[in-house]
Amino acid sequence: LEDLGMDNSQVARAISSHPQLFAHNIESNLKPKVQWLKDLGMDDTQVVRAISGLPQLLGLNIESNLKPKVQWLEDLGMDNSQVARAISSLPQLFSLSIES
């Protein structure tokens, strides 16, 4: 997380609000999620904002949770840069259901 530019207080807040981060494997879970967010067009600052706003984001499944929600935003007419801004501004979107 610090490699992304999160400072110590941001890391501490993320861990205190979502201690399950310690259970996630860095190589097989955390790094792929960060890379997936970057592949959406998010820069490091946007990724840090998203993780700081919703640390649970790192525990969500890419295929069953993240991709369908990004697809939903795209179906609403958002382009990649708008999706990236939406996620960094309001990462709580990923904690909502698009089904109901």
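Fair warning: this is a prediction, and the values are worked out from it, not measured in the lab. (Residues numbered from 1 in each chain as written. Predicted model: local features only at pLDDT ≥ 70, side-chain atom pairs only at ≥ 80, totals over all residues. Heavy atoms only, no water.)

**Thoughts on the packing of helix α4 (residues 62-75) against helix α5 (residues 80-89)**
Axis separation between α4 and α5 bottoms out at 10 Å; the angle between their running directions is 125 degrees. Judged on the interaxial angle alone, α5 and α4 are oblique. When you trace α4 past α5, the crossing you get is right-handed. When α4 is examined against α5, the residues V70, L73 and E74 are found in contact with a partner set consisting of N80, V83 and I87. When its residues are assigned to classes, the contact of α4 with α5 shows four nonpolar, one polar and one charged. (Axes fitted to C-alpha atoms, helices over the stretch in contact; angles between N-to-C directions. Helix = DSSP H or I, 4+ residues; strand = E, 2+ residues; numbered from the N terminus. Parallel < 35°, antiparallel > 145°, perpendicular 65-115°, else oblique. Left-handed = near helix turned anticlockwise from the far one by under 90°. Contact = heavy atoms within 4.5 Å. Nonpolar A, V, L, I, M, F, W, Y, C, P; charged D, E, K, R; others polar.)

**Examining the side chain of K69**
Take K69: it is sitting in helix α4. Residue class for K69 comes out buried when judged on its relative accessible area of 10%. In this structure the side chain of K69 is engaged in a polar contact, spanning 3.2 Å, whose partner is the side chain of N65. A distance of 2.8 Å separates a polar side-chain atom of K69 from the backbone oxygen of F94. The contacts of K69, once residues within four sequence positions are left out, are L93, F94, S95, L96 and I98. (Buried < 20%, exposed > 50% of the residue type's maximum accessible area, 1.4 Å probe, protein only. Polar contact = N/O pair within 3.5 Å; in protein donor to acceptor, adjacent residues only side chain to side chain.)

**Observations concerning the pattern of salt bridges**
By the definition in use, this model includes three salt bridges. The closest approach of N and O atoms between K67 and E63, which form a salt bridge, is 2.8 Å. Of this pair, K67 and E63 both sit in helix α4, four residues apart, which is roughly one turn of that helix. Classification of K67 by relative accessible area gives partly exposed; the value is 36%. (Salt bridge = Lys/Arg side-chain N within 4 Å of Asp/Glu carboxyl O.)

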